[in-house]
4 protein chains.
Amino acid sequence: MKIKVGIIGATGYTALEVARLLQSHPNAEIVAATSRAEDGKSLAEIHPSLAGRLDVPIEMLDAQRIAKKCDVVMSCLPHGASAETCKQLVEQGTRVVDFSADFRLSNRELYEKWYGVTHPWPERIGKTVYGLPEFYADAIRDADLVANPGCYPTSVILPLAPLIADGLIEADDIIVDSKSGVSGAGRSAKVATLYCEVNESIAAYGVGAHRHQPEMADLVHRIGGKAISLLFTPHLTPMDRGILSTIYVRPSAKATAADLLKRWESQYADCPFVTPVPHLPSTKHVAGTNYVQMTARDAGGRIVLVCAIDNLAKGASGAAIQNMNVMFGLDQTTGLLQ
Amino acid sequence: MKIKVGIIGATGYTALEVARLLQSHPNAEIVAATSRAEDGKSLAEIHPSLAGRLDVPIEMLDAQRIAKKCDVVMSCLPHGASAETCKQLVEQGTRVVDFSADFRLSNRELYEKWYGVTHPWPERIGKTVYGLPEFYADAIRDADLVANPGCYPTSVILPLAPLIADGLIEADDIIVDSKSGVSGAGRSAKVATLYCEVNESIAAYGVGAHRHQPEMADLVHRIGGKAISLLFTPHLTPMDRGILSTIYVRPSAKATAADLLKRWESQYADCPFVTPVPHLPSTKHVAGTNYVQMTARDAGGRIVLVCAIDNLAKGASGAAIQNMNVMFGLDQTTGLLQ
Amino acid sequence: MKIKVGIIGATGYTALEVARLLQSHPNAEIVAATSRAEDGKSLAEIHPSLAGRLDVPIEMLDAQRIAKKCDVVMSCLPHGASAETCKQLVEQGTRVVDFSADFRLSNRELYEKWYGVTHPWPERIGKTVYGLPEFYADAIRDADLVANPGCYPTSVILPLAPLIADGLIEADDIIVDSKSGVSGAGRSAKVATLYCEVNESIAAYGVGAHRHQPEMADLVHRIGGKAISLLFTPHLTPMDRGILSTIYVRPSAKATAADLLKRWESQYADCPFVTPVPHLPSTKHVAGTNYVQMTARDAGGRIVLVCAIDNLAKGASGAAIQNMNVMFGLDQTTGLLQ
Amino acid sequence: MKIKVGIIGATGYTALEVARLLQSHPNAEIVAATSRAEDGKSLAEIHPSLAGRLDVPIEMLDAQRIAKKCDVVMSCLPHGASAETCKQLVEQGTRVVDFSADFRLSNRELYEKWYGVTHPWPERIGKTVYGLPEFYADAIRDADLVANPGCYPTSVILPLAPLIADGLIEADDIIVDSKSGVSGAGRSAKVATLYCEVNESIAAYGVGAHRHQPEMADLVHRIGGKAISLLFTPHLTPMDRGILSTIYVRPSAKATAADLLKRWESQYADCPFVTPVPHLPSTKHVAGTNYVQMTARDAGGRIVLVCAIDNLAKGASGAAIQNMNVMFGLDQTTGLLQ
């Protein structure tokens, strides 16, 4: 019997990516999809790439009805709204993977400072597992609610956390310069993400003020066991998908790039998607996949880490399915080897 | 003394292109710019590529005030709204280049059928010069109002009109398959022109129903002296700028591609921007310029015409400045050789 | 037990796409890969997107050795060279899917006229099944050698053949205007396909002279039972993948677009990948998938057909795996639902 | 009378950009163009965007003949080869702007270490003016030979040099993360810059080992009067043109981003192309222009500088024409306001 999956907030790119990936998942099927804006249509009418493949009607969100139909719900709602719905769904007895930032951080203060809203379910902040199976597979297995990681944080936590844990790099001098494809900005109609605004152009945004900065710092701290200081600058890059994070760190003691690579190899030996590589990875090397490629280079007294992921796959919907696989006792890679 | 130019509806891509081109025009300067949405800002705040180069405040549209300040006004308003404003401006004694379709067609019926609005100044339909100096330079010279051509029509009328006039091709079997960059769709916030919707994708739209189809047919008829039947399919192409029109025609008598090329060479010998070429032109060959490249190929009993323009330059703002040059007695190429 | 697959000529984009698709195929595995240029490397060194996923050493092509190892070989060699190798492989007892054009056409004269080489295995021209399971599944099932279809032809034969077969459209007035992503041009170092040559640009090429034109005409004739006259113009479009074919046909009798759509629906009711749709398909709707979307529109006395495929998937490697599935008694969709 | 310009090595993108910019230059004209590979063709045959606009025959390089024809020569040859030719041209009495790195560095040792060749004209290293008129206009005015700056260095020296000179930032902790369009990689046939390799992808390259790193450090030292330590990571970005440099610096004393901006405003008050801006610049804001936009942001104890240029214009050919303007007593902006 297949896992029954619901998608809440089905109009965006992460929802489409969930649907795309579940098309070929042998043990799961989409049984419900909701959208306030598109009620009455079908999922394939909103996303014509699903035409002839999926025939799920879009319905209004009714937590009770959805919970009854679904073994697990992917919540693609915006922050704030998502926490509220997750609460209802969990209370109705279904399990939830939450794509929003609502349950990622360690505490309410940090969340409310960066997100500027009152948290609708504060009891669960700091008590909800962060959906990186590379570190938290056990807790994910039994979770009723999983906080699916942010896209940029995934590309930063995976390379940094084991290095901090082992003291191979200095904790107080970390610069993260990330480049993301445009799908990370979502699918709502905004002049800023029109084709002719961002095509043939690269730009920094949210310098030192992006909400993923505290998430990175918080998680590296939790996993690595040491508070870190990190400066994060994201850039909007003219491509659909992909994140490349170039991370400037100072080695501790006499650690070299080779030492870091070796550390990753041992850390991630049993993690099917994390691939330390000798070459400099490009986002194309991981496009459309759940894989993570990362490398390290000695340069001018620092070490430069480069990590590539697909922001929609491992950075969002692929990770969600990986989490679902863990939650339901499947192999992590089920349906994700494409 | 420089020509004083006003831009009405200054937030879009054609307005920006007018500003870009006038930056280096030796005989003209922008003295006014209006936008209802952006009143109070400066032109460079809306279009940051003008930062440090142009310092024109955005004002609300007041036809009397604008007419007083400007020798010529570029109206980048949408159809319907544009005609109304053009009327006021012309009545106030300034000259106008109208980017909208309001004065392009031969008669009111055709306009109202395709545009679905009552024309605000019907006396001027069919009595306003069509702004192709390649055919109408004399009338443009003295015009108070010029109907700036549509982008697709420019790429079709220039190759077809002289061939129809000379009877080199059949008038009743013409297929136009055009490919346009995304800037042709304008700068308003729509999901359909978000980067991630159109990037890495090509699609047809408005098959046989695009408003530029009657404009092409009407103008080729007026210039060539013979009614034509034409089927037009535009395609949205993942690039900022450029139109490539591939036109399938049947030769009359025994005309060959070489004959057609020769005809163009003689027709456009004194037209500085129209360039018949032996190679198959790409949109990149004319990107950012006011030039038109066109060629012809014999194939399977038909002749295939290929014409490349920049939709924002010769397809809109470059043409407008070319028209302005003619209106004010300057060489057509002034400020347009870049 | 898994089907053992070999890839001959493993450096190009179609080879990489075969590898990408076989990653998640439940019943097949790559056991050999050859390349003259890259002997001694591994497949993942040539294609870094496979790093950590596939560990197949590149070897020199030795037909005997490959045939022994493989149940089926994907030949990604260029025409001429491919036929020679296919002959050896088949004679050694392995089955082959040939990506080249060597066995696609009905007869040797047509082949040698358009390809300008003497055919190395003329006995098999006209006697090798054309790898469109939508029409030839039975023959493919038992084939030792399958001629994998050309990318453009796939996007043209699928919509046209049933319409010609039923006499719904005129056979002597068909214009095909196709737009392809750049991967169709292959992966060899040429100035013409450098990023800065083709990015932000669209251009026609090979007008009326492209080798896929006779393939389209030949196959529509064979399937539809009537000789056709067809003019084909391909265009290079600034995107990695995808083909959109816009096809201008004249309806016979009183056929309408709706009739054509109905015809397709019945023709392809049991073909899992062919999807007649009401909307105008874009290449993005099928990107990375083996699906085909097609629609029809009445316009100006003609009917405009629009068909979208992914040139690397259904246009090459996806089709090859679909063929392999049929050859080995698997469901056509196995490993291809992504 | 117009300045007579020759272009040596006319097949590449910088040569085309020189030609494009000189099209509309009121005081200069191209009188000669050379290329070993394309001898016998015309410039417009190599670069079809010049068709109908420029009619310069390509000739073999003969320094004596070129020197006789030209007031100034733009040398677009590769390093090593360029120095040799520059020597001949200067000795023949013509003036030269050298696009290669041959005369940019302060001394022969540094050059030979990073470029791995014996310098063909070592007497002139350290004695040739660096072509940044923002700092060296006086020396450029009288120069027989100008070392045109590297693209990346231009985007780094302009923001950094005045801050180092004034002690506003620490000299020993500077990280430069740059993103460049693909045209910077040149126009020779290489798999690595094929469309399908770099499209939809971003990647770092040459981490800490790019030849522009010593150029940046050397020039900031020369202009700012203090040795600096700088780590440079370039990234290949999927766009034709543009460089965005994100520079991480530590403020000295209590300098803030606002102080740095103020410093730039005073430094560049008389430099027509350098524009400190309040917004975060994108490469699109300066695309196709000679302008430089730069800003600064306080973030986490550091200041993040962001500088955008067009790599082909201000990063190469625009700078060369700006230098030519200075050399011939013209206003710096002549022909460069587009």
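Residues numbered from 1 in each chain as written. Chains lettered and ligands numbered in written order. Predicted model: local features only at pLDDT ≥ 70, side-chain atom pairs only at ≥ 80, totals over all residues. Heavy atoms only, no water.

**Q** Help me get a handle on empty space enclosed by the protein, residues and values and all.
**A** On inspection of all chains with the given rule, the structure shows three cavities of 30 Å³ or more. Residues belonging to the lining of the largest cavity are distributed by class as follows: eight nonpolar, four polar and four charged. (1 Å grid on protein atoms, 1.4 Å probe; cavity = no way out; pocket = protein on both sides within 12 Å on 5 of 7 lines; lining within 4 Å. Points joined across faces, edges and corners; volume = space filled by probe spheres on them. Nonpolar A, V, L, I, M, F, W, Y, C, P; charged D, E, K, R; others polar.)

**Q** Lay out the relation of the copies chain C and chain D in plain terms, naming residues and giving numbers.
**A** Note on the identical chains: chain C maps onto chain D by a rotation of 180° and an axial translation of 0.0 Å, with an RMSD of 0.0 Å. The transformation relating the two chain copies, once decomposed into turn and shift, fits a two-fold axis. Most of the interface of chain C is mirrored in chain D, where 100% of its interface residues again form contacts. (Least-squares fit on C-alpha atoms with pLDDT ≥ 70 in both. Contact = heavy atoms within 4.5 Å.)

**Q** Could you give an account of the sheet that holds strand S10 (residues 230-236) of chain D, with specific residues and numbers?
**A** Residue and element names in this part refer to chain D. In spatial order, the strands read S9-S10-S8-S11-S14-S13-S12; together these seven strands make up an open sheet with mixed pairing. Each edge of the open sheet carries a strand with a single partner, namely strand S9 (203-204) and strand S12 (274-276). Sheet topology note: the S12/strand S13 (residues 292-299) ladder contains three bridges and is parallel. By the bridge assignment, Pro276 is partnered in S13 with Met294. Running at roughly 160° to S13, helix H10 (residues 257-267) makes contact with S12, S13 and strand S14 (302-309) of the sheet. (Pairing = 2+ DSSP bridges. Helix = DSSP H or I, 4+ residues; strand = E, 2+ residues; numbered from the N terminus. Axes fitted to C-alpha atoms, helices over the stretch in contact; angles between N-to-C directions.)

**Q** Tell me about the UniProt feature "domain: Semialdehyde dehydrogenase NAD-binding" (unreviewed entry) in chain A, and name the residues and values.
**A** According to UniProt, the "domain: Semialdehyde dehydrogenase NAD-binding" (unreviewed entry) feature falls on residues 4-143 of chain A. Within the segment residues 4-143 of chain A, helix and strand shares are 36% and 17% respectively, and the terminal C-alpha atoms sit 17 Å apart. (UniProt positions renumbered as here; feature names shortened; annotations may be inferred.)

**Q** Please provide a residue-by-residue account of the UniProt feature "active site" (unreviewed entry) in chain A, values included.
**A** Residues and elements named next belong to chain A. Sites flagged by UniProt as "active site" (unreviewed entry) map to Cys151. Within the element layout of this structure, Cys151 appears in helix H7 (residues 151-165). Not counting residues within four places of it along the chain, the set of residues in contact with Cys151 comprises His212, Ile243, Ile309, Asn311 and Gly315.

**Q** Please set out the relation of the copies chain A and chain D residue by residue, giving values where relevant.
**A** Between the two copies, chain A and chain D, the superposition gives an RMSD of 0.0 Å; the rotation angle is 180° and the shift along the axis is 0.0 Å. Most of the interface of chain A is mirrored in chain D: 100% of its interface residues are interface residues there too.

**Q** Just give me the short version of the layout of surface pockets, but keep the residues and values in it.
**A** Residues and elements named next belong to chain C. The calculated volume of the second largest pocket comes to roughly 480 Å³. Along its surface, the second largest pocket is lined by 26 residues, and Leu22, Gln23, Ser24, His25 and Pro26 are the ones closest to its centre. The set of elements that each furnish at least two residues to the lining of the second largest pocket consists of helix H1 (13-23) and strand S2 (28-34).

**Q** Provide a residue-level description of the interface of chain A and chain D, including the pertinent values.
**A** Each partner contributes to the interface: chain A provides 40 residues, whereas chain D provides 40 residues. Summing both sides of the interface, chain A and chain D together bury roughly 3000 Å²; the carbon and sulfur share of this comes to 61%. If you sort the residues of chain A by the area they bury against chain D, Glu200, Ile202 and Lys284 of chain A come out on top, with a joint share of 20%. If you look at where chain A meets chain D, you find six salt bridges. Residue Arg250 of chain D pairs with Asp173 of chain A through a salt bridge whose shortest N-O separation is 3.8 Å. Linking chain A with chain D are 24 residue pairs in polar contact (both at pLDDT 80 or more), by the criterion used here. In terms of residue count, strand S8 (residues 174-180) of chain A provides more of the side of chain A that touches chain D than any other element does, four residues in total. Taken together, the residues of the side of chain A that touches chain D sort by class into 19 nonpolar, ten polar and eleven charged. (Buried area = accessible area lost by both parts, 1.4 Å probe. Salt bridge = Lys/Arg side-chain N within 4 Å of Asp/Glu carboxyl O. Polar contact = N/O pair within 3.5 Å; in protein donor to acceptor, adjacent residues only side chain to side chain.)

**Q** Go over the pairing of strand S14 (residues 302-309) of chain B, please, and point to the residues and values.
**A** All names here are of chain B. With eight of eight residues buried, S14 lies mostly within the body of the structure. Of the two faces of S14, the one lined by Arg302, Val304, Val306 and Ala308 and the one lined by Ile303, Leu305, Cys307 and Ile309 are each fully buried. Direction of pairing for strand S11 (residues 243-249) relative to S14: antiparallel, over a ladder of seven bridges. From the neighbouring strand, Leu244 faces S14, where its bridge partner is Ala308. Bridge count between strand S13 (residues 292-299) and S14: seven bridges; the pairing is antiparallel. The residue bridging Met294 from the neighbouring strand is Cys307, located in S14. From the end of S13 to the start of S14, which pair antiparallel, there are two residues, and Gly300 there has a positive phi angle of about 55°. (Buried < 20%, exposed > 50% of the residue type's maximum accessible area, 1.4 Å probe, protein only.)

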